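Close look at the chain arrangement
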Amino acid sequence: RMSRLARMAMALGSELLEPRPDLDHDTLAVVWGCAIGEVVPTGRFLERLFTEGPDRASPLNFQNSVYNAPAGHLSIAMGLKGMSETVAAGGATGLIALMRGLDILALDRAPAVLVIAGDDHNPVTTEAHRLGGTSAPIGEAVAAILLEKTGDGVAVEVSCGVDTRGMSPVFAR
């Protein structure tokens with residue numbers, strides 16, 4: 001029942017967390033960054049609402065239309081019970097999400113923070129860019145980083161990219 005964007009976030013988040021059974025899922029924080037939100041589920045919900053009426057609007061599409069849905073799906077699937085925040089800051093979303101993750105560590109709100117940020121490429125955003133006169137190439141990306149305090153500072157592990165041909169995550173460290 002996850003959107004494509006949520007599945008991409010799940011693929012990257014689980015790749016960082018599965019090899020780390022030492023991380024406490026009760027205290028691990030999650031910061032999800034998404035500049036434009038869940039456009040596809042929102043569009044599906046609104047289209048059905050407007051064309052078929054309120055009685056036919058899908059609760060499933062509505063629940064997936066909120067900005068924090070991918071973080072919620074990830075938390076449920078991975079058993080994460082720590083704090084969770086969602087950041088939306090336009091083109092600066094990825095950087096602001098990373099800064100928020102570092103803030104959480106600096107404030108001792110959590111011993112580790114999974115920061116994931118991304119937006120998907122879909123017909124609605126493609127049309128919006130076309131109408132707006134965007135000439136630059138349009139794409140999609142989801143990136144994840146696991147931050148944690150160590151005795152020597154902050155340790156960083158990065159996972160980034162999705163192979164759009166086969167929807168296989170591309171990972172880097």
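Residues numbered from 1 in each chain as written. Predicted model: local features only at pLDDT ≥ 70, side-chain atom pairs only at ≥ 80, totals over all residues. Heavy atoms only, no water.

On to the overall build of the protein chain. Within the protein chain, the regular secondary structure consists of six helices and seven strands. Taken across its 173 residues, the protein chain has 40% of its residues classed as buried. A separation threshold of at least 6 residues defines the contact pool for the protein chain, and within that pool the share at least 24 residues apart is 69%. Counting only carbon and sulfur atoms, one obtains 57% of the accessible surface of the protein chain, whose full area is about 9400 Å². (Helix = DSSP H or I, 4+ residues; strand = E, 2+ residues; numbered from the N terminus. Buried < 20%, exposed > 50% of the residue type's maximum accessible area, 1.4 Å probe, protein only. Contact = heavy atoms within 4.5 Å. Areas by Shrake-Rupley, 256 points an atom, 1.4 Å probe, with all protein chains shown as cover.)

What follows deals with the pattern of salt bridges. It is possible for side chains bearing opposite charge to pair when their charged atoms get close. On inspection of all chains with the given rule, the structure shows eight salt bridges. A salt bridge links Glu148 to Arg20; its shortest N-O distance comes to 2.5 Å. Separated by 128 residues along the polypeptide, Glu148 in strand E4 (residues 141-150) and Arg20 in the loop between helix H1 (4-17) and strand E1 (29-33) bring together distant segments of the chain. By relative accessible area, which is 15% here, Glu148 ends up buried. A salt bridge links Asp26 to Lys81; its shortest N-O distance comes to 3.9 Å. On the criterion of sequence distance, the pair formed by Asp26 in the loop between H1 and E1 and Lys81 in the loop between helix H4 (69-78) and strand E2 (84-87) is long-range, its members being 55 residues apart. One salt-bridge network, in which partners are shared between bridges, spans Arg20, Asp22 and Glu148. (Salt bridge = Lys/Arg side-chain N within 4 Å of Asp/Glu carboxyl O.)

Structurally, Pro59 can be placed in helix H3 (residues 59-63). Through-space distance from the C-alpha of Pro59 to that of Phe45 is 8.0 Å; in sequence the pair is 14 residues apart.

It is worth spelling out helix H2 (residues 39-52) at this point. The end-to-end C-alpha distance of H2 is 19 Å, a good match for the 20 Å that 14 residues give at a rise of 1.5 Å each. Every buried residue belonging to H2 is among Val39, Pro41 and Phe45, and all of these are buried. Looking one or two residues past H2, Gly53 carries a phi angle of roughly 100°, positive in sign. (Expected span 1.5 Å × (residues − 1).)

What follows concerns the side chain of Thr93. Inspection of the secondary structure puts Thr93 in helix H5 (residues 93-106). Contacts of Thr93, omitting those with residues within four sequence positions, involve Gly33, Cys34, Ala35, Val87 and Ala88.

Right, let's get into unusual backbone geometry. The bulk of non-glycine residues show a negative phi, and the bulk of peptide bonds are trans. Positive phi outside glycine occurs at Asp108, with the angle close to 55°. Examined against the element boundaries, Asp108 turns out to sit in the loop between H5 and strand E3 (112-119).

Moving on, we come to the packing of H1 against H4. Here H1 crosses H4 at 45°, and the two axes come no closer than 9 Å. In terms of orientation, H1 and H4 fall into the oblique class. Two packed elements cross with a definite hand, and for H1 against H4 that hand is right-handed. Of the residues in H4, those touching H1 at Ala6, Ala9, Met10, Gly13, Ser14 and Leu17 are Pro70, His73, Leu74, Ala77 and Met78. A class-by-class count of the residues in the contact of H1 with H4 yields eight nonpolar, three polar and no charged. (Axes fitted to C-alpha atoms, helices over the stretch in contact; angles between N-to-C directions. Parallel < 35°, antiparallel > 145°, perpendicular 65-115°, else oblique. Left-handed = near helix turned anticlockwise from the far one by under 90°. Nonpolar A, V, L, I, M, F, W, Y, C, P; charged D, E, K, R; others polar.)

Here we come to the environment of Arg1. Mapping Arg1 onto the fold places it in the segment before H1. Measuring from C-alpha to C-alpha, the distance between Arg1 and Leu60 comes to 7.9 Å, with 59 residues separating the pair along the chain. When residues no more than four places from it in sequence are discounted, the contact partners of Arg1 are Leu60, Asn64 and His73.

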